[in-house]
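Examination of the molecular architecture
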Amino acid sequence: MMLSIKDIQWAQILKQNHYHPSPLDWSDQVIYFLLTDRFSNGQEDGYKDAAGTVVQGTAQMFSPADAGNAVRTQTDVQAWESAGTQWLGGTLKGITSKLGYLKRLGITTLWISPVLRQRPGVDDYHGYGVQNFLHIDPHFGTDQDFKDLVTEAHQAGLFVILDVILNHSADVFQYDTVDQSGGFFEPPWTGAAYPVRGWRDPTGAATLPFPGRVNPPEAESAVWPQELQDEGVFTCKGKINNWDAVPETTEGDFEGLKDIHQGTGDVSGYSPSEAMRILTEAYEYWIAYADLDGFRVDTVKHMDHGATRFFTSEIHEFAQTIGKDSFFLVGEITGDRGYAIKTRDETGLDAALGLADVQGLLADTAKGWANPRDYFDLFRNSAQVDKATHTWFRSHVVTNVDDHDLVRMGRDHKARYAADDIGRALELSVLAMNATTLGIPCIYYGSEQRFNGSFPTPVNTSPNDSYKADRYIRETMFASGFGSFQSRDRHFFDESAETYRQLAAVLDVRKNELALRRGRQFLRPISEDGAAFWYPDRIGQGRMTSIVAWSRILSNREVVCALNTDLATPRTAWVTVDSRLHSAGSKFLYAYSTDAGQQGMEVAAEARNGLAISVTVPPSGFVILTP
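Because the structure is a prediction, the values reported are computed rather than measured.

1. Focus on the overall build of the protein chain
- The helix and strand tally for the protein chain stands at 17 helices and 26 strands.
- Projected onto the principal axes, the alpha-carbon positions of the protein chain cover approximately 80 × 60 × 50 Å.
- Counting all 627 residues of the protein chain, 60% fall into the buried class.
- When the accessible surface of the protein chain is split by element, carbon and sulfur atoms take 48% of a total near 23200 Å².

2. Side note on the side chain of serine 487
- As for its position among the elements, serine 487 is in the loop between strand 17 (454–455) and helix 16 (498–512).
- Judged by its relative accessible area of 0%, serine 487 is buried.
- From its side chain, serine 487 meets the backbone oxygen of serine 484 in a polar contact 2.7 Å long.
- Look past the residues within four positions of serine 487 in its chain and what remains in contact with it is Phe62, Asp66, Gly68, Asn69, Ala70, Trp80, Gly481, Phe482 and Phe492.

3. Quick look at the packing of aromatic side chains
- Summed over the entire model, instances satisfying the criterion amount to 44 aromatic pairs.
- Plain terms: the ring middles of tyrosine 592 and phenylalanine 622 are 6.4 Å apart, the flat faces sit at 45 degrees to each other, and that makes the pair tilted. With tyrosine 592 in strand 23 (residues 587–593) and phenylalanine 622 in strand 26 (residues 622–626), this residue pair connects regions lying 30 residues apart in the sequence.
- Through a chain of ring-to-ring contacts, the aromatic side chains of Phe33, Phe62, Trp111, Tyr444, Tyr445, Phe451, Phe485 and Phe492 assemble into a single cluster.

4. Comments concerning the environment of tryptophan 87
- Residue placement: tryptophan 87 occurs in the loop between helix 3 (74–83) and helix 4 (92–97).
- C-alpha separation for the pair tryptophan 87 and glycine 306, spaced 219 residues apart in sequence, amounts to 35 Å.
- For tryptophan 87, the residues in contact, after removing those within four places along its chain, are Asp37, Gln118, Val122, Asp123, Asp124, Tyr125, Asp137, His139 and Phe140.

5. Some details on helix 6 (residues 143–155)
- Across its 13 residues, helix 6 extends 19 Å between first and last C-alpha, which sits within 8% of the 18 Å expected from 1.5 Å per residue.
- Residues of helix 6 that are buried include every one of Asp143, Asp145, Phe146, Lys147, Leu149, Val150, Ala153 and His154, and no others.
- Where helix 6 terminates, the next one or two residues include glycine 157, which has phi positive at roughly 90 degrees.

6. Re helix 15 (residues 421–436)
- The end-to-end C-alpha separation of helix 15 is 24 Å, in line with the 22 Å expected for 16 residues at 1.5 Å each.
- Where helix 15 bends most, the angle comes to about 55 degrees, and this point is glutamate 427.
- Of all the residues in helix 15, the buried ones are Gly423, Leu426, Glu427, Leu428, Ser429, Val430, Leu431, Ala432, Met433, Asn434, Ala435 and Thr436.

7. Quick notes on the packing of helix 9 (residues 305–321) against helix 10 (residues 337–347)
- Packing of helix 9 against helix 10 leaves a shortest axis separation of 8 Å and a crossing angle of 50 degrees. Looking at the two axes, helix 9 sits oblique to helix 10. Across the interface between the two elements, His305, Thr308, Arg309 and Thr312 of helix 9 pack against Tyr339, Thr343, Glu346 and Thr347 of helix 10.
- Its residues placed into classes, the contact of helix 9 with helix 10 shows 1 nonpolar, 5 polar and 2 charged.

8. Observations concerning the sheet that holds strand 21 (residues 557–564)
- The antiparallel open sheet is built from 6 strands, whose spatial order is 18-20-21-26-23-24. Two strands lie at the open edges of the sheet, namely strand 18 (520–523) and strand 24 (602–604), each paired on one side alone. Direction aside, the axes of adjacent strands within the sheet are offset by 25 degrees on average.
- In the sheet, strand 23 pairs with strand 26 via 4 bridges, with the strands oriented antiparallel. Within strand 26, the residue paired with leucine 589 across the bridge is threonine 626.
- Taken strand by strand, helix 15 contacts strand 20 (547–554), strand 21, strand 23 and strand 26, and its axis lies near 35 degrees from that of strand 26.
- Across the sheet, helix 16 lies against strand 23 and strand 26, angled at about 140 degrees from strand 23, the strand it touches most.

9. Let's talk about unusual backbone geometry
- For the bond running from tryptophan 224 to proline 225, omega is 10 degrees, close enough to zero to count as cis.
- The omega torsion across valine 246 and proline 247 is 15 degrees, close enough to zero to call that bond cis.
- Examined against the element boundaries, proline 247 turns out to sit in the loop between strand 8 (206–208) and helix 7 (248–251).
- Notably, threonine 299 is not glycine yet its phi reads approximately 45 degrees, a positive angle.
- Within the secondary structure, threonine 299 sits in the loop between strand 11 (294–297) and helix 9.
- Using a relative accessible area of 5% as the deciding quantity, one classes threonine 299 as buried.
- One non-glycine residue, leucine 406, lies in positive phi territory at about 45 degrees.
- Inspection of the secondary structure puts leucine 406 in the loop between strand 14 (397–399) and strand 15 (414–415).
- Residue classification places leucine 406 among the buried positions, given a relative accessible area of 0%.

Conventions used here
Residues numbered from 1 in each chain as written. Predicted model: local features only at pLDDT ≥ 70, side-chain atom pairs only at ≥ 80, totals over all residues. Heavy atoms only, no water. Helix = DSSP H or I, 4+ residues; strand = E, 2+ residues; numbered from the N terminus. Buried < 20%, exposed > 50% of the residue type's maximum accessible area, 1.4 Å probe, protein only. Areas by Shrake-Rupley, 256 points an atom, 1.4 Å probe, with all protein chains shown as cover. Polar contact = N/O pair within 3.5 Å; in protein donor to acceptor, adjacent residues only side chain to side chain. Contact = heavy atoms within 4.5 Å. Phe/Tyr/Trp six-rings, centres within 6.5 Å; stacked < 30°, edge-to-face > 60°. Expected span 1.5 Å × (residues − 1). Bend = angle between axes of the 7 residues up to and from the residue. Axes fitted to C-alpha atoms, helices over the stretch in contact; angles between N-to-C directions. Parallel < 35°, antiparallel > 145°, perpendicular 65-115°, else oblique. Nonpolar A, V, L, I, M, F, W, Y, C, P; charged D, E, K, R; others polar. Pairing = 2+ DSSP bridges.

Honestly, it's all geometry; don't read function into it.
Set out below in structure tokens:
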């Protein structure tokens, strides 16, 4: 086992790989984000492998009759809720076994949660509490399992992005702070450093001298590589309470996870700490060893911009030396769009993730709770980015609806899009909207099966607190004690599921239509009578039930997309199209519709509001029309 950054055998590693090239343009990608512990253990029965062959296993596929089978008694409810806080058994080999499932859905890039070694004895199943930056956590498998996953993904035509953490480690030491009852506690950030009792040993007790290298080496104690045990690596200033205050957000501990000192200085003259250099080399090792294609950089808001810029520069340069000219670095930048854009531009990240206003307005527009213009105007404000918006937003923003945190919802309510009846009916529409509007679309695992995770839950509507509320939006795809729909012991790899099939068809059209991946974007005025045209708006407190239509235009090709927020009734509207690209009589074809009977039908443009086509969208439906 490697214990020092100096143990990396660079010459040997670089000789072993024939590195996979980067994508031509990340705008063409469709990302699928999964939590490794919650995705697959490889034991499912009846799923299809990469070749499409049905595989026999021990766990049965979920059916509607299984909903609620985990919560039939109050004891069951407690067991099910408790299971959601624990390691449940997803593995790297499990992910590898489902590459065919993902490929047939239309996924081109996997984003997998952190898989490096977590502190032993704690339930950091999510992977964000790294104790050893040089090894894979044994819950997930081996280092070789990780390399095999990336190799097989490449063979299947998929790229792989790894989630990485730079600003904190696991809870690897204990503060020497005692409350009135004599118990140790995590002190709050005040700006001053606190005394530390010691490194945690394998039992979690703070029995080892801090700072200083653990001797004899004990891989389950402290933090690794051993260079991170030296003096000055950690800020030791206690946990963050005010998440929007600087320097508290960059110096404080992320809950119990311990903050790593990044460096000093402003962005242009930043001096990275030795710890930052060690972490950067560790992540370069994983690129070289496993042939990775990108990183999702966690908690960028809590890093100095200079530290992020150092990391992006070093990683991009290293990746180029092995032929990955477009190694992708996407940062989790919580906050508004303006802050995210400024951060991305200052730090050299390739893209921003976690634009709360984009995520929230996308979700609310498809449900009819927001004015569509509020969402589409996010991509029109060129003054804020000082660039052509269709160029900047198409490849520099990763857009999604659901994720593993849903920070925009706060602590007291967490819910997947399909947690309510409206969202369940419109799940396909919002996924299709995400796939056909600006940005690189990202699908959160389980969305294609209409997972309904929420907090509070239908079986415990009055919880005592919101502690670990995130668990409820992190159900397992494989058979475990914590399945979606309050189920257990059933898996969800169902390629016959309606949303899976329909989304696969939408993504197939996207793959074949360059305009849907790289084109400019315009919300379109609509009309019921072909005379009076307007942009659809929500009126009053109720939900807007209407067609929402937009165009993607690349050069001289226009593709029209439309959804219907009405759950019960098909709707027809005249939709404005570009009169410079078309003329009266120009034909548009239904390349996709949730109503299969519409596909292949043609409509002709007429001289209305310049030029318009009559579009019919099924209830809760989605259509794509091509010239």
